Amino acid sequence: MISLRYHAVSIGAVFLALAVGVVLGASGVSDRLLSAVAARADDLGGQVQTLTAQRDALAAAQRGADEFARRTGPAAVRGLLQGRTVALVTVGADPADRDAVRALLGPSGATIGGEIALTDAVGDPARADQLRELTSQLLPTGAQLPAASDTGSLVGGLLSGVLLKSSGQVTPEQADAVLTGLMSTGFVTPGERPRPADLVLVLTGGAVPGIDGADAAAVTARLAAQLDRAGGGAVLAGRTGSADATGPVGVARADPNVTASLSTVDDVQTGAGQVSAVLALREQLDGRAGRYGTATTAADGAAPAA
């Protein structure tokens, strides 16, 4: 009996010793894990600080570059468009971009013939049939639309007679009828009739969101291409993102036939991009075209040669 009790006590002591060992061992492992995790956290914290500092430095450099471009921009474009008239067409453009480019056109010597602001309805696939029919109805007598059936080309063909000197001039009354028809149906915002121009600058935003973004971007790209073909030249300029697959600049650059004559800029929200847009208008007068900006498809560099 005593022997059995002795064995029971011995076995209990063994289990107690094992339990204590497990706890102590686990405590050691836990300490090592906590130490490793703390070291990793410190390392990640250091990386975050480094990346934050790099981001802040890049942002500061970008602000400096923008400030430099905006201060030197008027001198860079001075007199390049002397005696020329430029019309603006905006499609989802940021007002700040438009105002900055307009301010640069003054020192370039250009006269701003006016502006036509297209609404998002122009790129809405649900209204494409209505817009095609409307372009035929509003076409002035004697004018012709392009053979293409897409809405961008058709609207570009219709507006070319209103905007451009060299596209078969329409009368002021006919131009007013075109704009009134487009405004009454919600495709153009109200505004004054622009004066006929030598060149057209089409300003847009970034990538077009939504399931129909690529289709809407294509309308803007083809509109700009048609205005380029119909007049003395055109430039399509958008913000960062505009060179994406669902951006107007990206759609235009995907077609070599378009970019052979249409100049594109993909960073018009920056001072450098705004200067590039004006330099690209000069380039158009010289019979050249290029792809400019910061996107990978900006094959001709940051800006045209002055």
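Provided above is the structure to which this section pertains.
Residues numbered from 1 in each chain as written. Predicted model: local features only at pLDDT ≥ 70, side-chain atom pairs only at ≥ 80, totals over all residues. Heavy atoms only, no water.

S.K.: Let's hear about helix α3 (residues 128–138): which residues, and what values?
M.R.: Within α3, the full set of buried residues consists of Ala-128, Leu-131, Leu-134, Thr-135 and Leu-138. The buried side chains of α3 occupy one side of the element, clustering within an arc of 120 degrees when seen end-on. Exposed and oriented more than 90 degrees from the buried face of α3 are Asp-129, Ser-136 and Gln-137. Where α3 is buried, its residues meet α4 (151–163) and α5 (172–184). (Buried < 20%, exposed > 50% of the residue type's maximum accessible area, 1.4 Å probe, protein only. Helix = DSSP H or I, 4+ residues; strand = E, 2+ residues; numbered from the N terminus. Arc of directions from axis to C-beta. Contact = heavy atoms within 4.5 Å.)

S.K.: Go over the packing of α4 against α5 with me, naming the residues and quoting the values.
M.R.: Packing of α4 against α5 brings their axes to within 9 Å, and their N-to-C directions diverge by 135 degrees. By the angle between their axes, α4 is oblique relative to α5. Regarding α4 and α5, the two cross each other, and that crossing is left-handed. Along the contact surface, α4 presents Leu-158, Leu-159 and Val-162, while α5 presents Ala-175, Val-178, Leu-179 and Leu-182. Of the residues that constitute the contact of α4 with α5, the class distribution is seven nonpolar, no polar and no charged. (Axes fitted to C-alpha atoms, helices over the stretch in contact; angles between N-to-C directions. Parallel < 35°, antiparallel > 145°, perpendicular 65-115°, else oblique. Left-handed = near helix turned anticlockwise from the far one by under 90°. Nonpolar A, V, L, I, M, F, W, Y, C, P; charged D, E, K, R; others polar.)

S.K.: So what about the sheet that holds strand β1 (residues 85–91)? Which residues, and what values?
M.R.: Paired through backbone hydrogen bonds, the strands of a sheet run either parallel or antiparallel to each other. Pairing in this open sheet of six strands is parallel, and the strands run β2-β1-β3-β4-β5-β6 from one edge to the other. The two strands at the open ends of the sheet, each matched to only one other strand, are β2 (111–118) and β6 (291–292). Sheet analysis places strand β5 (residues 263–265) next to β6, joined by two bridges and oriented parallel. Counterpart to Thr-264 in the pairing with β6 is Arg-291. Each of β1, β2 and β3 (199–204) is contacted by helix α2 (residues 95–105), which is oriented at about 175 degrees to β1, the strand it contacts most. (Pairing = 2+ DSSP bridges.)

S.K.: Outline the environment of Val-188, supporting the account with residue identities and numerical values.
M.R.: Locating Val-188 in the fold gives a position in the loop between α5 and β3. Between the C-alpha atoms of Val-188 and Val-122, which are 66 residues apart in sequence, the distance is 8.3 Å. Here Val-188 is in contact with Ile-116, Ala-117, Leu-118, Thr-119, Leu-182 and Met-183, once residues within four sequence places are set aside.

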